[in-house]
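Each chain, written out:
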Amino acid sequence: MNPFSRAFLLVFAAVFPAIAVPASAQGDLRLHTVVIDPGHGGKDSGCVSRDRKTYEKNITLDIGRRLAQKIAAGYPDVTVKMTRTDDRFVELENRAVFANKNNASLFISIHVNSVEKGTTANGYSIHCLGQSRKKGNDLYSKNLDLVKRENAVIQLEDNYQTTYQGFDPSDPQSYIIFNLMQNAHLTGSLTFAEDVAAAMGSKPIRHSRGVSQDPFWVLWRTAMPSVLIEVGFITNPDDLATMRSDEGRDGIAENIFRAFSTFKQRYDSSMQVTSAQQEEPKKEEPLKENSQEAAAPAPAPEGPVYGIQVLATGKNMSDTDPFFHGYKPLVVKSGKLNKYILLTDPSLKTVKASFGKIKHIFPDSYLVKIEDNSTVPVR
Ligand SMILES: [Zn+2]
C-alpha cells in the first residue's frame, strides 16, 4: 500500500462511519419504502447513442417513472421515492444519502451501458456491491470500464475532491477502500438481483449478461439492499431500438416491477415470522409439541434440512470469519455463488425458533430449505 492509500484510508474511515442500520430497528418490518434512482441527469447526460440523438439520462428517467407508477399502483402501502423526477443533476453521494434518510427498504438504480466505437456488446446486467479483486497490483474486474465510467460522474460535481475525500474513480488504487466495507445487506441485494435477472428474461432486451458484484460508489453508500441495473447498450442497435420505443421501456419497467413483487412477498413473509417470534417467544416451545418431536423417528440424513441463509457471495469465506459471529455455516454452492446457511436442522420448527435471534444479527437473512444441494426460500 502506498502512503497515499494509507492516509486516504485513515481519513476515509474517520469521515464515513459504518452505515449498516438494520431496517427492523426502525419499527416497520415490511418492505415499506423503495427508492428508485434514475441514473445521471441535467449536465450529466450519461452515455449517448452513436448518432448523438439519445441520452442515457432520459431513458433512465422514463423507466424510473414507469417503475414508480407501477409500484405505487400495485402496492398503495409502499412509499415510492425517486432521487430525481425531472432532468436535473443529482450528486452521486446524495442519491445514497437520500435513500438512507428515507429509511428505504430497497434501492434500485437504473442505468444504460455503452462500449467504445469498434467494440460490440449487448444485453442487460444487474450489479450488487462487491469488493474489488486485486490481480498483482491492479484492480481486476471484468466490468472495470463500466464501474469507472459510472463512478466518474462525481467529477462533474463542484467539490468532488472534498465530498469524496480524494477518491479518484479512474485510479485502481482508490478502489482499495471498497475492501473495507462490511456489506450487511449483500444477501438481500443478491436476492433481488436474481429476482430482476429472472424477471428480465429474454424480452424486451434479449441477452442477459448476468448478475455480478462490482465496486459502485452509489451501492457502497446505501444502507439497504441495493442493485444497479444496466438495462441495455445504447451502442447496440437492437437494444437502442427497444429503449427508444415506449413499449420497450415499459416492458423493462414491467420486468423490474415483477421482480419487486417477488422480492416484496418474500421480504414481508420472512419479516412476519421474525416479528411473531419476537412478540410471542414463549409460545414457541409448548411442552406437548416438544415431546411429540422427541418421539418422532430420526429423519433420514439425505432428506431436506432447513436453515437460515445469511450470505450469498462469490467469495470463499472461512467458517471462522468474524462475519458469522461464531456460528459455523453450511456452504451450498450455486453456480459462482456460495450460500452460507446457519443452524441447519431437519426440523423447520427448530430452525424457526432461532430465526428471530439470527435476524437481529443478520437483518437480510431468511429461512431456506436445502435439498439436493440447492436452496429454496421458505415462506
Ligand atoms: Zn450510467
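Residues numbered from 1 in each chain as written. Predicted model: local features only at pLDDT ≥ 70, side-chain atom pairs only at ≥ 80, totals over all residues. Heavy atoms only, no water.

Student: Mind showing me how you'd approach the pattern of salt bridges here?
Tutor: Pairs can form between side chains of opposite charge once their charged atoms are near each other. Under the criterion given, the structure shown has 18 salt bridges. K70 is the partner of E254 in a salt bridge, and the nearest nitrogen-oxygen pair spans 2.9 Å. Within this pair, whereas E254 is found in helix α9 (residues 246-279), its partner K70 is found in helix α2 (residues 56-74), the two being separated by 184 residues in sequence. In this structure K70 comes out as buried when scored by relative accessible area, which is 17%. Between R88 and D86 there is a salt bridge, and its shortest N-O distance comes to 2.6 Å. With relative accessibility at 28%, the residue D86 sits in the partly exposed group. Taken together, the shared-partner salt bridges in this structure form one network comprising D62, R66, K70, D246, R249, D250 and E254. (Salt bridge = Lys/Arg side-chain N within 4 Å of Asp/Glu carboxyl O. Helix = DSSP H or I, 4+ residues; strand = E, 2+ residues; numbered from the N terminus. Buried < 20%, exposed > 50% of the residue type's maximum accessible area, 1.4 Å probe, protein only.)

Student: How should empty space enclosed by the protein be read in this particular structure?
Tutor: Enumeration over the complete set of coordinates arrives at 3 cavities of 30 Å³ or more. Quantified by volume, the largest cavity comes out at close to 110 Å³. Lining the largest cavity are 12 residues, and of these F263, Y267, S270, D364 and Y366 lie nearest its centre. If you list the elements that add at least two residues to the lining of the largest cavity, you get α6 (186-200) and α9. Counting residues per element, the lining of the largest cavity draws most heavily on α9, which supplies 5 residues. Structurally, the lining of the largest cavity is a two-domain feature, drawing no fewer than three residues from each of domain 1 (18-264) and domain 2 (289-377). By volume, the second largest cavity is sized at about 40 Å³. (1 Å grid on protein atoms, 1.4 Å probe; cavity = no way out; pocket = protein on both sides within 12 Å on 5 of 7 lines; lining within 4 Å. Points joined across faces, edges and corners; volume = space filled by probe spheres on them. Domains from an automatic or database assignment.)

Student: Can you walk me through the coordination of the zinc ion in this structure?
Tutor: Around a metal, the ideal angle is 109.5 degrees if four donors adopt a tetrahedral arrangement and 90 or 180 degrees if six donors adopt an octahedral arrangement. Donor atoms from the polypeptide that bind the zinc ion are H40 (NE2), E56 (OE), H111 (ND1), E150 (OE) and E150 (OE), placed at 2.0 to 2.4 Å. As a motif over one chain, the donors of the zinc ion read H-x15-E-x54-H-x38-E. In this pair, H40 is assigned in the loop between β1 (33-38) and α2 and E56 in helix α2, connecting sequence segments 16 residues apart. Just as H40 is buried, E56 falls in that class too. (Donors = N, O, S within 2.8 Å, 3.2 Å for Na, K, Ca; no water.)

Student: I'm lost on the nonpolar core in this one. Help?
Tutor: The tendency in soluble globular proteins is for nonpolar side chains to be buried as a group. Ranked by size, the top nonpolar core spans 61 residues in total, and within it L67, I108 and V310 carry the most contacts. When residues of this core are sorted by domain, at least three fall in each of domain 1 (18-264) and domain 2 (289-377). Excluding anything up to four places from it in sequence, L67 contacts I36, I108, I110, A253, I256 and F257. In terms of nonpolar packing, the next biggest core, distinct from the first, is built from 23 residues, V35, F107, L146 and V147 among them. (Core = buried A, V, L, I, M, F, W, Y, C linked by side-chain atoms within 4.5 Å. Contact = heavy atoms within 4.5 Å.)

Student: It is not clear to me how unusual backbone geometry should be interpreted in this structure. Could you clarify?
Tutor: The omega angle of the peptide bond from K203 to P204 is 5 degrees, so this bond is cis rather than trans. Relative to the elements of secondary structure, P204 occurs in the loop between α6 and β7 (208-214). We note that H325 has phi near 55 degrees; this positive angle belongs to a residue other than glycine. With respect to the helices and strands, the residue H325 is situated in the loop between β9 (305-313) and β10 (330-334).

Student: So what exactly am I meant to see when it comes to the environment of I108 here?
Tutor: Within the secondary structure, I108 sits in strand β3 (residues 106-113). Under the relative-accessibility criterion, I108 is labelled buried at 0%. For the pair I108 and P225, spaced 117 residues apart in sequence, the C-alpha separation works out to 8.8 Å. If we ignore the near neighbours within four places in the chain, the residues touching I108 are V34, V35, I36, D37, L67, F192, V227, I229 and I256.

Student: What is the right way to look at the sheet that holds β10 in this model?
Tutor: Each strand in a sheet pairs with another by means of backbone hydrogen bonds, the pair being arranged parallel or else antiparallel. Strands sit in the order β10-β11-β9-β12-β13 across an open sheet of 5 strands; the sheet is antiparallel. Single-partner strands in this sheet number two, and they are β10 and β13 (374-377). Ignoring strand direction, the axes of neighbouring strands in this sheet form an average angle of 45 degrees. The sheet contact formed by β10 and strand β11 (residues 337-345) spans 5 bridges and is antiparallel. Counted as the bridge partner of V331 is Y340 from β11. (Pairing = 2+ DSSP bridges. Axes fitted to C-alpha atoms, helices over the stretch in contact; angles between N-to-C directions.)

Student: Would you take a moment to explain the confidence of the model for the chain for this structure?
Tutor: Parts of the prediction with low pLDDT should not have their coordinates interpreted in detail. The pLDDT averaged across the chain works out to 82; a share of 80% of its residues lies at or above 70. Note on residues 1-26: pLDDT is under 50 here. Beyond four places in sequence and across chains, it has 39 contacts. A low-confidence stretch, residues 279-301 stays under pLDDT 50, and its non-local contacts, those more than four residues away or across chains, total 9 contacts. (pLDDT = per-residue confidence, 0-100.)

Student: Whenever I open this one, the pairing of β3 confuses me. Can you help?
Tutor: Along a regular strand, successive side chains alternate from one face of the sheet to the other. Extensive coverage of β3 is indicated by the burial of 8 of its 8 residues. Across 5 bridges, the pairing between β1 and β3 is parallel. Counted as the bridge partner of I36 is I108 from β3. Here 6 bridges tie β3 to strand β8 (residues 226-233), and the two strands are oriented parallel to one another. The partner of I110 across the bridge, within β8, is I229.

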